[in-house]
Amino acid sequence: MPRLLILLLLLLSATNASFGAQPPARVIASFNKGWKFYLGDEASAKDAAFNDNAWRQLTLPHDWSIEGKFDEKNPAKPEGGGLPTGIGWYRKTFTLPGTAGRNVYIEFDGVYKRSEVWLNGHSLGQRPNGYISFRYELTRYLQPAGKANVLAVRVDNSAQPDSRWYTGSGIYRNVRLVTTHPVAVDEWGIFVSTPAVSAQAATVAVQTQLRNATSATSAPHTVSLQTAVLDQSGREVARQLTSGVKLSSAATTVSQKLILKNPQLWSVAKPYLYRVKTTVLAGQAIEDEYETPLGVRTCVFDGQRGFLLNGQPLRIQGVCQHHDLGALGAAVNVRAMERQLEILKAMGCNAIRTAHNPPAPQLLDLCDRMGFLVLDEAFDMWQKKKNGQDYHLDFKQWHRRDLEDQIRRDRNHPSVFLWSIGNEIREQFDSTGTRLTRELTTTVKRLDPTRPVTSALTEQEPAKNFISQAGVLDVLSFNYKHADYPELPKRFPGQKFLATEIAAAYETRGHYDLPSDSLRIWPKDGKTKLTSGNADFTASSYDHAAPYWGATHEAAWRAVRNSPFISGAFVWSGFDYMGEPLPYPWPARSSYFGVIDLAGFPKDAYYLYQSEWTSKPVLHLLPHWNWKPGQTVDVWAYYSQADEVELFLNGKSLGTKKKGTDDLHVLWRVPYAPGTLQAISRRAGKTVLTSTVKTAGPAAKIELTADRSQLQADGKDLSFITVRVLDAAGNLVPDAANLVKLSVSGPGFIAGVDNGYQASMESFKAPERKAYNGMALAIIQTTDKGGTITLKAMAEGLAPGTLTLTSN
Ligand code: GAL
């Protein structure tokens, strides 16, 4: 029996108890399994009768680009990550149990890009935008119960270059099959907001758009709408019933207001979530059931005080994130996104900017649950291109629909606190910018009047900025140019400000260029090509390299810190991402801007932010301690929650240092001698933390550490395993580059490998990886079977490492 049918039957039987003999009103089933894939174009593949026996079988989400070979000549160019793009086809054959009297839909969270979908040879529609979610109704082209249906999807990412970063190619997000009654909540048909919030009560306003797809005689046209609010434990805490709702043949909207007594507030520290449960009833019969997340919180931007969450000032400590997941490419995986957010949370990050497009909906679910604010961005360009084949070609025809769909999909997430209608839009510099800003802002406000709208701008002169001149942006957001921050309140009196991008500093994890106080501005202006730089395509981790438009992390964050009227900032970027390998040419193929490298290993700047953004004590010492005897080495410490730091080399004090008001690190200039470097931070004379770095001997063994060793046997769960090359005494060998060969036994497989080096040409899918500066990453994915998974890592001349994981 096909898996989907089993799943549907299971779902039906699992929920039957509460509905008597009735099947559940709405069945939502993953549609990720059992697809066939072909890389290439094949016009007749849209036909049901096409023979796809020879095609590869796979499970979605899938990104074919990440499986390919790096090549400078790939049309996406190094800016796009240097991997292949092209055209691909997906097909899925499936049967359904009887769906008579039901409406059946297929939902795609995102297909990159220019997709067209056919069911049994009938075209259901096309969607050029690769980041937008969409659904098609299948009902009228479905075969009768038990007969085979064929869904075919053509994905065309061949027109290149189309992006300034890596996009991935394929059905790279989740797909679901949804079955409803003809009378049902419409697609993204619920809008929940909390117009009034106090400690005693919150008003929950719910707009429900109902869709009536019945023919005139066959189904009820008058329904009742019951809306209940459930608390985190599932207890009902408010309810409203609206009866006698007459449904027209088009969509009908019902407005309700509920009062929540003593509401628990949603915040980044305590992200309390309620659920809104919608039930559509025809008499006693349940026509539809639908759940929506609810977080009760207030968000206010203030021209003087910055941002206030629930009335309390909250500095936005954000990062910009592109959507790729490193070695996994663009293929969505919830655990991979959760891991990124865990690493960011530990840094003190409280906000994500989804640069520069709508994210996977699961990212927003995670941000709701984990406590992140989200700046949800729509576009990187409007009518004016940044690349020849980018979205500017589709903007005219599609922008309204795309923006509407984004807002309707995302407006119920408490994490989403601000909409961005665009990033560094070229129309900033002419009057079309004013017209389009007004149009796009009106579209957003029509669908969500509760949240502010912004756009990430570069031009800080009001007379030259046609987007700010529209006078409709609630928050003025600027990228870079931190030296001008003090001027902003004078230039734009009465406005509210945010730094949507800061820093863009370059770092390669574990690489250090001396001396640390020589600033590297690469390139130094818009006209000069980079001629300096390192021969091995590295950038120093002393936080002293940035492009002319950016700044070091320290300079950028200091400027934000000293400007209380700026609500906070989004660092460019949280993680390294594929593509945009500035400042280097090929073979550099991924970015240097991340505070965390592509493999997910923190660079040193991570601890700078941690020392500024959290209240936990930090003491981070850099660099490693393997240098040439006699060399003068700059030793830095990022620290917090302490008055001073004393440094010792082989037990001898090198002095105590304190940060001045504007300093973010302390420095000692040390003549190198091998041995032990130790820092002690103290507060009021008492030791707070100790940090030690030792000179490593020759590489001797491999150490494996898993982020999680209890996994779910669901075919999706991941364990991220850090591979470290150590000397005999257990010290990390800071320049180790051993080729590590991996083998897995048991119900798991290698989903990806990486080492964070931006110019590596090694495959992300190979069962081996060279260590880079002593480290590498292996990502192990579970299958549907439970059991023990064993990973073995071997390298010539080193004692191997083994590790076991449990999947059940
Ligand atoms: C900004 C842009 C980002 C990224 C960054 C690199 O101008 O908005 O997408 O390109 O520069 O510094």
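Here is what the cut-offs are and how they apply
- Residues numbered from 1 in each chain as written.
- Predicted model: local features only at pLDDT ≥ 70, side-chain atom pairs only at ≥ 80, totals over all residues.
- Heavy atoms only, no water.
- UniProt positions renumbered as here; feature names shortened; annotations may be inferred.
- Axes fitted to C-alpha atoms, helices over the stretch in contact; angles between N-to-C directions.
- Helix = DSSP H or I, 4+ residues; strand = E, 2+ residues; numbered from the N terminus.
- Parallel < 35°, antiparallel > 145°, perpendicular 65-115°, else oblique.
- Contact = heavy atoms within 4.5 Å.
- Nonpolar A, V, L, I, M, F, W, Y, C, P; charged D, E, K, R; others polar.
- Pairing = 2+ DSSP bridges.
- Near = heavy atom within 4 Å.
- Polar contact = N/O pair within 3.5 Å; in protein donor to acceptor, adjacent residues only side chain to side chain.
- Areas by Shrake-Rupley, 256 points an atom, 1.4 Å probe, with all protein chains shown as cover.
- Buried < 20%, exposed > 50% of the residue type's maximum accessible area, 1.4 Å probe, protein only.
- Patch = residues over 30% accessible without salt bridge, like charges linked within 9 Å, V, L, I, M, F, W, Y side chains within 5 Å.
- Salt bridge = Lys/Arg side-chain N within 4 Å of Asp/Glu carboxyl O.

- As recorded by an unreviewed UniProt entry, the protein carries the name DUF4982 domain-containing protein and is attributed to Hymenobacter armeniacus.
- Here the protein is described in UniProt, under the heading Sequence similarities (unreviewed entry), as follows: "Belongs to the glycosyl hydrolase 2 family."

## Quick look at the packing of helix 2 (residues 334-347) against helix 8 (residues 605-613)
Reasoning step 1: Contact geometry of helix 2 with helix 8 gives a least axis separation of 8 Å together with a crossing angle of 55°. Relative to helix 8, the element helix 2 is oriented oblique. In this structure, helix 2 contributes Ile343, Ala346 and Met347 to the contact, and helix 8 contributes Tyr606, Tyr609, Gln610 and Trp613.
Reasoning step 2: Its residues assigned to classes, the contact of helix 2 with helix 8 shows six nonpolar, one polar and no charged.

## Regarding the sheet that holds strand 33 (residues 644-649)
To summarise the sheet geometry, strands pair through backbone hydrogen bonds and adopt either a parallel or an antiparallel arrangement.
Reasoning step 1: Taken together, the four strands give an open sheet; going across it, the order is 34-33-36-37, and neighbouring strands pair in antiparallel fashion. Two strands close off the open sheet at either side, each with one partner strand: strand 34 (652-657) and strand 37 (686-694). On average, each strand axis in the sheet is tilted by 20° relative to the strand beside it, whichever way the strands run.
Reasoning step 2: Examined bridge by bridge, strand 33 and strand 36 (residues 676-683) share six bridges and lie antiparallel to one another. For glutamate 644, the partnering residue across the bridge sits in strand 36 and is arginine 682.

## Re the site of the ligand
Reasoning step 1: The environment of the ligand is formed by Arg164, His356, Asn423, Glu424, Asn479, Tyr480, Glu501, Ala504, Trp549, Trp572, Glu580 and Phe593.
Reasoning step 2: At a separation of 2.8 Å, an oxygen atom of the ligand approaches a polar side-chain atom of arginine 164.
Reasoning step 3: One of the side-chain nitrogen or oxygen atoms of histidine 356 is found 2.6 Å away from an oxygen atom of the ligand.
Reasoning step 4: Protein chains shield 94% of the accessible area of the ligand, which is 310 Å² for the free molecule.
Reasoning step 5: Its residues placed into classes, the shell around the ligand shows five nonpolar, three polar and four charged.

## Concerning the pairing of strand 41 (residues 739-745)
Reasoning step 1: For strand 41 and strand 43 (residues 768-770), the ladder comprises three bridges, and the chain directions are antiparallel. Counterpart to lysine 741 in the pairing with strand 43 is glutamate 768.
Reasoning step 2: Sheet topology note: the strand 41/strand 45 (residues 787-794) ladder contains five bridges and is antiparallel. Of the residues in strand 45, the one forming a bridge with leucine 742 is alanine 793.

## Brief notes about helix 3 (residues 361-370)
Reasoning step 1: Most of helix 3 is tucked away, with eight of its 10 residues classed as buried.
Reasoning step 2: Within the span of helix 3, buried status applies to Pro361, Gln362, Leu363, Leu364, Leu366, Cys367, Asp368 and Met370.
Reasoning step 3: Following helix 3 by one or two positions, glycine 371 adopts a phi angle in the positive range, close to 85°.

## A few points about a nonpolar patch on the surface
Reasoning step 1: A cluster of nonpolar side chains, namely Leu519, Ile521 and Tyr548, defines an oily patch on the protein surface of about 290 Å² accessible area.
Reasoning step 2: Its place among the elements puts isoleucine 521 in strand 28 (residues 520-521).

## Brief notes about the pattern of salt bridges
Reasoning step 1: A full pass over the atoms with the stated rule returns 53 salt bridges.
Reasoning step 2: Note that glutamate 487 and lysine 490 form a salt bridge whose closest N and O atoms lie 3.6 Å from each other.
Reasoning step 3: With relative accessibility at 31%, the residue glutamate 487 sits in the partly exposed group.
Reasoning step 4: Residue classification places lysine 490 among the exposed residues on the basis of a relative accessible area of 60%.
Reasoning step 5: Notably, a salt bridge pairs aspartate 576 with lysine 603, separated by 3.0 Å at the nearest N-O pair. Highlighted residues: aspartate 576 in the loop between strand 30 (566-572) and helix 8 and lysine 603 in the loop between strand 30 and helix 8, separated in sequence by 27 residues.
Reasoning step 6: Owing to a relative accessible area of 3%, aspartate 576 belongs among the buried residues under this scheme.
Reasoning step 7: With relative accessibility at 2%, the residue lysine 603 sits in the buried group.
Reasoning step 8: Each of the salt bridges in this network shares a partner with another, and the network as a whole consists of Arg335, Glu338, Glu342, Arg369 and Asp707.

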